[in-house]
Structure formats: C-alpha cells, structure tokens
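Structural features, examined
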Amino acid sequence: MSEIIHSKCVILGSGPAGCTAAIYAARAMLEPVLIAGLQPGGQLTITAEIENFPGFPEEMQGPELMNRMQAQAEKLGTKLVQDIVTDVDLSAQPFKLTCDSGDAYMAETLIIATGAQARWLGLPSESKFQGFGVSACATCDGFFYRGKQVAVVGGGNSAAEEALYLTNFADKVTLIHRRDRLRCDKTNQARLAAHPQIEIVYDSAVAEVLGSENPLSVTGVKLKNIKTKTFSELKLDGLFVAIGHSPSTKLFEGQIAIDKQGYVKTKPNSTRTSVEGVFAAGDVKDKVFKQAITAAGMGCMAALEAERFLATHR
C-alpha cells in the first residue's frame, strides 16, 4: 500500500554527492531520506579501480567505495530507499516527489544529486569491456595506462583535453574522429597537432572493441572508415569515450533553471538553485571536473545549506 512520507530533507541520487549530503544531513539531525534512483551508487559502480579518493591508499573497487558511503550514511540515521522518482512538483513547499512504487515524499528541502551519464557508443563490445579497458574518464583512469597505447573517441574540446591529459601516462594516444575535421577550438587543435605522442585518425568510427577473455581486457578496436566503408584494426590497451555527458535533469525541466546543456544552474559559490529550498550537487551541476571527490564536496555544501535554510524558515 502506497504511503505519503514527510521529510525535512530528501536527497535524490546515491552517488558520492548524494551519500555525502546524507552523511552531513544526518549529523545535522535532519533525518534525511536518500532515494537511490536508477543506478544505485552512481557512476562509480561501473568503475573498476579507484586510487585517487583520499583516505584509501590501496586501490579500491568503485562499488565497494559506494557501499561504504551508503553504510556510513545509514549508520548515522539516513533512510535509504530503493526506489525511482517518477514525478516532481516544486511549485510549492513542501515539495512533492512521487515514486515508481506509488509512495510520495513531502520534502521541506530537496537535494538533487542525480548525476550525469556518460554518452557511450552503444556497442555490445563496449559495454562488455566497461571498467576493463573502456572508460569515459581519463582523469579517473589514465594513471593505469603508463607506458601503454590508448585511444580517445571524439572530436570536441572534451576529447582533445582527454587526449592531451593521457599523454602524461601513455606512450601513444590516438584520437579517433568520425569527421574530416575536429570540432574543438583552434587552441586545442594546435596543441594536438604539435604533440609528438598524439596521432589523429579522421573519418573513422569504432565498429567493435576487441579484447581478451581471461583476464577481461581491451587489446584493440576495429575501425570503419566512414567514406570508404573499409575496416581496419588498431592495437590498444585502453579506449576512452569522450563524446559528452547527459545530466539527469529531465524530471526538473520547466521547474528549475537549467542551462542549454541540461545542467542545473546554481548560485555562485553555492549549491542553491533557482527554487528556494532546492539544492544541486555533483555531476548534475558540474560540467567541468566530474570527479568523485568534487561531487562529495558539493554534497557536503548542499547538506549544510539545506540545514541553514531550515533553520531560517521554521
């Protein structure tokens, strides 16, 4: 039987931003409700190894880190709900959130930490090797490719910056672009052209990710030339997909301010959105860094701002 549950603070999303917000909100005695959403644990659940999250000197699997964060939030008093929000009404306080289960939450404050999903190529072989040689984050995983050969798919500024960053580790970086010219700005184009470790392959798309089964790892890609329709193979140790991200903001369209790329707009030096009492943290508002640690920091900010909001509006 469906219920209507009242809460001082509801948090949408259970990645680093959502879990950190829950930890701080729980310690502030807000008795937060954390609704896990479509991908409990967020992007880190498809990250094989993490070694840049402070406090963990040994490599850690992404799912393990998120399990620890969720356990800590629950231990401090967070109610973790395995459900999906299907409708949000931010027109009046308390805000109403309706879930797939039929339950509804009336929230005095709302923290949006729904994240952003990397856009993938959509290949079965790509899915198979995600976390085992296929990545969407050079900053997260580039360190594992010291002295190896990698490729980046894309032609915009993000792809250019990923390729340039990877030269700090890999011996060779191949940038694969399906058109005959790059979309990145002239500065990045010049940097790519001048770099001795970078080779650009134009008019080409990844048709298949190649790899071994035991251990599961990438060994190369099959490329299709868009113009000639011919195929070739490129030997690689890792493939980075940099064709953009899609922030998870569809639920909030028309209710809060969102920029042209779909990210939630927040006030300067704040997580406050255009609606009083609604805050946004993590990749749903961050189009620059997209790191677990920056998401966690914003989750902390959002919880502190939610607590201050409640203290001044009671």
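Report follows, based on the coordinates. (Residues numbered from 1 in each chain as written. Predicted model: local features only at pLDDT ≥ 70, side-chain atom pairs only at ≥ 80, totals over all residues. Heavy atoms only, no water.)

1. Description of the pairing of strand 4 (residues 85-89)
The pairing of strand 4 with strand 5 (residues 95-99) spans four bridges and is antiparallel. Its bridge partner being in strand 5, valine 88 is matched across the sheet by leucine 97. Between strand 4 and strand 5, which pair antiparallel one after the other, the connecting turn spans five residues. (Pairing = 2+ DSSP bridges. Helix = DSSP H or I, 4+ residues; strand = E, 2+ residues; numbered from the N terminus.)

2. Re unusual backbone geometry
Residue proline 94 is reached from glutamine 93 by a cis peptide bond, and omega for that bond is -5 degrees. For proline 94, the position within the fold is in the loop between strand 4 and strand 5. With an omega dihedral of 0 degrees, the bond running from asparagine 214 to proline 215 counts as a cis peptide bond. Examined against the element boundaries, proline 215 turns out to sit in the loop between strand 12 (204-213) and strand 13 (216-225). Of note, aspartate 203 is a non-glycine position whose phi angle comes to about 55 degrees, a positive value. Within the fold, aspartate 203 resides in the loop between strand 11 (198-201) and strand 12. By relative accessible area, aspartate 203 is classed as buried at 15%. Not every positive phi belongs to a glycine, and lysine 229 is a case in point at roughly 65 degrees. If you trace the backbone, lysine 229 turns up in the loop between strand 13 and strand 14 (231-235). (Buried < 20%, exposed > 50% of the residue type's maximum accessible area, 1.4 Å probe, protein only.)

3. Digging into the pattern of salt bridges
Oppositely charged side chains can pair when the atoms bearing their charge come close. Considering all chains together, one arrives at nine salt bridges under this definition. For glutamate 213, the salt bridge is made with lysine 128, and the minimal N-O distance between the two is 2.2 Å. Taken together, the positions of glutamate 213 in strand 12 and lysine 128 in helix 3 (residues 124-128) put the pair 85 residues apart, joining distant regions of the chain. Judged by relative accessible area, which is 54%, glutamate 213 ranks as exposed. (Salt bridge = Lys/Arg side-chain N within 4 Å of Asp/Glu carboxyl O.)

4. Digging into the pairing of strand 12
When strand 12 meets strand 13, the two strands line up antiparallel, connected through nine bridges. What sits directly across from serine 204, in strand 13, is asparagine 225. Here strand 12 folds back onto strand 13 in antiparallel fashion, the turn holding two residues.

5. Here's the deal with the state of the cysteines
Put plainly, a disulfide is one covalent bond tying together the sulfur atoms of two cysteines. Applying the stated criterion across every chain, the model contains one disulfide. With its sulfur 2.2 Å from that of its partner, cysteine 137 forms a disulfide with cysteine 140. Taking the sign of the torsion about the S-S bond as the criterion, the disulfide between cysteine 137 and cysteine 140, at about 70 degrees, is right-handed. Its relative accessible area of 26% is what places cysteine 140 among the partly exposed residues. No disulfide involves cysteine 9; its sulfur sits 13 Å from the nearest other cysteine sulfur, which is in cysteine 300. Taking relative accessible area as the criterion, cysteine 9 reaches 0% and is therefore assigned buried. (Disulfide = S-S within 2.5 Å.)

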